[in-house]
Amino acid sequence: MSGAHARGRGRGRAGAAAPAPGRATASGPVTAPGGGGTAGSWGDGGTTGEWGGGGSAGEWGGGGTAGEWGSGPAAGTGGWETADLFGGGGTGGAAWGPGGGTARPAGAGGAAGGPRVGAVREPEARAARAARGAQEVAVGGSGGAGGLGALGGVLRGALGGKGGARGDIGVDVTASLVVFLVALPLCIGVAVASGVPAELGIISGVIGGLVVGAIRGSTLQVSGPAAGLAALVAETVADVGVAMLGVIVLFTGLLQIVLGLVRLGRMFQAISVAVVQGMLAGIGVPLMFSQAYPMADAKAPGTPVENMAGIPALLAGVLTDPQAMIATLLGVVTIVLSFVWKKVPGPAGKIPAALVAVGIGIVVAALPGVDVRTLQVGNLLASVQVPGAEQFARLADGAVITAILTFTVIASAESLFTAAAVDRMHSGPRTRYNTELIAQGAGNTVAGFLGALPITAVVARSSANVQAGAKTRLSRTLHGLWLLAFALLLPQVLALIPISVLAGVLVHSGWKLFAPAEFPKMWRQDKGEFAVMTLTTLVIVATALLEGVLFGLAAGIVLAALRMSRTVVRQHVEDDTANVVMAGNATFLRLPQVIEALEAAAASGKRRIRLDLTGVTHLDHACRSQVEEFTAQQRELGLRVELFMPGEETRPDRAPDAAAPNAAAPDAAAPGVPVPGRLPRRRPVAAPADGPARPSPLPSADAEWFYLDTRPLPEEQRHGAPL
């Protein structure tokens, strides 16, 4: 690259000086164009690399925080992951790349820009590459550990990960297969639990991969039909029919897109963690009890409460039916494997537990004398149900509107909360919440148009993706392709899977959502939040998901309001004075406590009452009015009342400050002239030239002391004693 276009960078990790513009750096801590240098030029892994990958300020590099043509943007620019040469979405834009963000002098593409082949400066870039071709060939393959030279750095930036391009592609393909194996039984199981054909669950899984996965929002989060919505979908289908499901999901997606476009994605983060955990637990408990029946080849009675009440009868039926016993044992084995399989040493432990359980179930179901229910999967394309005019005509139905709003809130919240959880699992690019909400909306719009299940981000698949070592969006996109290929080419294999195994997979998912260990943990951390969490769970189980979430939000708001209104009130009597000291936030929620303290002071029988409110950080109108009314009433009864209001520097428990810097208030009278209801104000006494300042005999200029009456108190004023 010529000196006109290359840029010098800051110091690398080893404190090496930046290379001169347009010049390859030396070996050592600052490597020549190659890989792995601390400040590599065209290198891979440099901290301040030029054309380098992985640098914190890489040019043409991957993973840099301020790279030109590089990826990984924190302070600006370009790259093949966040603001690539042929794409958009950078946060700060770069001189050569289209970088997109707030400063893109030679590029194009916005924060969510898609691929754009051919950048404005591509001819110049091509010429620059040709000019340095010999050097690239000579040293591009050498360099530090893991370096792949210029091509490796650029391709690595394109994939947005660490290591070479070839290694990233291989890891992502492997991770996509792992996610596919986890997602397949979950997609089918969620569909069965939702009371819809299994094909619709597979279609939603395909859309979650190919549509949501391809949109730049979250890098490693995987979407598909979620177990958390299974109970809600089943209830909705029972109320309005499966034909209306497509319309509900379609408009849910459109609303999510609108919310993302108006940048309300982060709004869903402003919800109490206790409410979220209570919501997940409230989803998990009904899911476990509802799937206990399919696990025994039986049909669930209906509501969560009915399902819980019917468990004893279900167990009695299992004990008298050998085939139901076999199905139940398959489900129990699936649950046990889901908990313990990850502890199996060696390569076998890498196989998803759900896949192992499915394999065991297929073998057992094929044995002579075994007659358990298996999955019935039809033609995937024939199961598509595009909503028609009759379905759209029912949009005015109150139940349909309620379902749309419920799906929108729950699906959006679950997806974005999952994104926050997945971000904590890896150190790669963070989720763009508004873009991810648009991606979820696009997926639900397509799913609704095809009459499929609603889509959300799923923790199980996302964590499997992270644990498999995925680096880019390629893994989550490819898993949708594998689902589609499997369902189209091998549908007969799906018909061999016992339903009880899929029910066992969902019982385990319900347990993970319930997360019983979170309840004692929350109790130890915050008992108030524990109450909110528990109430949210109980209300969801007893009523429905939307009602429970709304109740939890209301309980969380009330708890926050009570804590913001914490008021400390202390009372004590000394000599002839009843003292009331208040601190904290005095709002109407604490009015009974304030009134009780004031009445106790009045009933003490002392001739003087001192009210110290200087420690109150917020005094709302209700409490202020109550204090002022109390003061006026006690004056009428002949008592003397001292009132120290918030914001005063002079307090009744210490001597007045002689050096108070504030000037007298505009309404203060001249020195020595008493004001009715208030002590006379005087300016601070100046310190003599040969000694420290003498304390003022009266309060400083900013004090506001209100009294019952205006009778002169010369003796006490002379001694400077506050009344």
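Here is what the cut-offs are and how they apply
Residues numbered from 1 in each chain as written. Predicted model: local features only at pLDDT ≥ 70, side-chain atom pairs only at ≥ 80, totals over all residues. Heavy atoms only, no water. Helix = DSSP H or I, 4+ residues; strand = E, 2+ residues; numbered from the N terminus. Buried < 20%, exposed > 50% of the residue type's maximum accessible area, 1.4 Å probe, protein only. Contact = heavy atoms within 4.5 Å. Areas by Shrake-Rupley, 256 points an atom, 1.4 Å probe, with all protein chains shown as cover. Salt bridge = Lys/Arg side-chain N within 4 Å of Asp/Glu carboxyl O. Core = buried A, V, L, I, M, F, W, Y, C linked by side-chain atoms within 4.5 Å. Phe/Tyr/Trp six-rings, centres within 6.5 Å; stacked < 30°, edge-to-face > 60°. Lys NZ or Arg CZ within 6 Å of the ring centre and 35° of its normal. pLDDT = per-residue confidence, 0-100. Patch = residues over 30% accessible without salt bridge, like charges linked within 9 Å, V, L, I, M, F, W, Y side chains within 5 Å. Axes fitted to C-alpha atoms, helices over the stretch in contact; angles between N-to-C directions. Parallel < 35°, antiparallel > 145°, perpendicular 65-115°, else oblique. Polar contact = N/O pair within 3.5 Å; in protein donor to acceptor, adjacent residues only side chain to side chain. Pairing = 2+ DSSP bridges.

J.: Looking at this model, I keep getting lost on the overall build of the chain. Mind explaining?
T.: Counting secondary structure elements, the chain contains 25 helices and seven strands. Among the 723 residues that make up the chain, the fraction classed as buried is 50%. Excluding contacts between residues fewer than 6 apart, the proportion of contacts in the chain whose partners are at least 24 apart in sequence is 64%. Surface accessibility of the chain: about 30,900 Å² in total, with carbon and sulfur atoms responsible for 64%.

J.: When you look at the pattern of salt bridges in this model, what are you seeing that I'm missing?
T.: Oppositely charged side chains can form a pair if their charged atoms are brought close together. Scanning all chains against the criterion turns up seven salt bridges. E529 is paired through a salt bridge with R563; the nearest N and O atoms lie 4.0 Å apart. With E529 in helix α21 (residues 527-542) and R563 in helix α22 (residues 545-564), the pair connects residues that are 34 residues apart, well separated along the chain. The class of R563 is partly exposed, set by a relative accessible area of 29%. R610 is the partner of E642 in a salt bridge, and the nearest nitrogen-oxygen pair spans 2.7 Å. Taken together, the residues E642 in strand β6 (residues 640-644) and R610 in strand β5 (residues 608-619) connect sequence positions 32 residues apart. A single network of salt bridges, built from pairs that share partners, joins D526, E529 and R563.

J.: Could you clarify how one ought to interpret unusual backbone geometry in this entry?
T.: The bulk of non-glycine residues show a negative phi, and the bulk of peptide bonds are trans. In this structure, D297 is a non-glycine residue whose phi angle is positive, near 55°. Tracing the sequence through the fold places D297 in the loop between α8 (273-291) and α9 (304-309). Phi is positive for D575, which is not a glycine, with a value near 55°. For D575, the location among the structural elements is in the loop between β3 (567-574) and β4 (577-586). Of the residues examined, D575 reaches a relative accessible area of 71% and is grouped as exposed.

J.: Would you mind going over the nonpolar core with me for this structure?
T.: The nonpolar side chains of soluble globular proteins are, as a tendency, buried together. In this structure, I188, L245, L494 and L545 are the most contacted members of the largest nonpolar core, which totals 69 residues. A per-element tally of this core places helix α4 (residues 165-193) first, with 10 residues. Those residues in contact with I188 that sit more than four places away from it in its chain are A198, I202, L375, L494 and L502. Counting residues in each nonpolar core, the second largest holds 22 residues, with A578, V580, M582 and F630 among its members.

J.: Whenever I open this one, the packing of aromatic side chains confuses me. Can you help?
T.: The way to describe two aromatic rings as a pair is by their centre distance and the angle between their planes. A complete count under the given rule lists six aromatic pairs for this structure. Centre to centre, the rings of W511 and F514 are 6.0 Å apart; their planes meet at 80°, and the pair counts as edge-to-face. With W511 and F514 both in helix α19 (residues 499-514) and three residues apart, the pair spans about one turn of that helix. When its relative accessible area of 37% is taken as the criterion, W511 is described as partly exposed. When the centroid spacing of 5.7 Å and the interplanar angle of 50° are considered together, the rings of F514 and F519 count as tilted. Members of the aromatic cluster, each reached through a chain of ring pairs, are W511, F514, F519, W523 and F530. In this structure, K527 is placed above the aromatic ring of W523, and the distance from its NZ or CZ to the ring centre is 4.8 Å.

J.: It is not clear to me how the confidence of the model for the chain should be interpreted in this structure. Could you clarify?
T.: When pLDDT is low, close inspection of the predicted coordinates is not appropriate. Mean pLDDT over the chain: 72, with 66% of residues reaching 70 or higher. Overall, residues 1-164 carries pLDDT values under 50, and its contacts beyond four positions in sequence, including any with other chains, amount to 406 contacts. The low-confidence segment residues 653-723 (pLDDT under 50) makes 111 contacts with residues lying over four places distant or belonging to another chain.

J.: Got a minute to help me understand a nonpolar patch on the surface in this structure?
T.: A surface patch of nonpolar side chains, about 440 Å² in accessible area, is lined by V258, L261, V262, L264 and M267. When its relative accessible area of 42% is taken as the criterion, M267 is described as partly exposed.

J.: Would you explain the packing of helix α10 (residues 311-320) against helix α11 (residues 322-340) in this entry?
T.: The relative placement of two packed helices comes down to the angle between their axes together with the axis-to-axis distance. In the contact formed by α10 and α11, the axes pass within 5 Å of each other and the chain directions differ by 115°. Relative to α11, the element α10 is oriented roughly perpendicular. Only P322, A324, M325 and T328 of α11 make contact with α10, whose side of the interface consists of V318, L319 and T320.

J.: Before we go on, may I ask you to explain the environment of T631 in this structure?
T.: Residue position: T631 is located in helix α24 (residues 621-636). Its relative accessible area of 4% is what places T631 among the buried residues. With 33 residues separating them in the primary sequence, T631 and L598 have C-alpha atoms 9.5 Å apart. Setting aside residues no more than four positions away along its own chain, T631 makes contact with L611, V641 and L643. Looking at T631, its side chain comes within polar contact range of the main-chain oxygen of V627, at 2.9 Å.

J.: Honestly, helix α16 (residues 459-467) in this entry has me stumped. Any pointers?
T.: Helical periodicity: at 3.6 residues per turn, an α-helix aligns residues three or four positions apart in one direction. Taken residue by residue, α16 has R461, S462, S463, A464, N465 and V466 as its buried positions. Phi turns positive, to about 90°, at G469, one or two residues after α16.

J.: What is the right way to read the pairing of β4 from this model?
T.: In this sheet, β4 lies alongside β3 in antiparallel orientation, the contact comprising eight bridges. Along β4, the bridge assignment pairs R570 with V581. Counted between consecutive antiparallel strands, the loop separating β3 from β4 contains two residues, among which D575 sits at a positive phi close to 55°. The sheet contact formed by β4 and β5 spans nine bridges and is parallel. Looking at the pairing, N585 lines up with H618 of β5.

J.: It is not clear to me how the side chain of S194 should be interpreted in this structure. Could you clarify?
T.: Considering the arrangement of structural elements, one finds S194 in the loop between α4 and α5 (198-212). The exposure class assigned to S194 is buried, which follows from its relative accessible area of 1%. Ignoring sequence-local partners within four residues, the contact set of S194 consists of A230, V233, A234, V237 and L453.

J.: Looking at this structure, I do not really get the environment of A413. What am I missing?
T.: Structurally, A413 can be placed in helix α14 (residues 398-423). Along the sequence, A413 and T456 sit 43 residues apart, while their C-alpha atoms lie 9.1 Å from each other.

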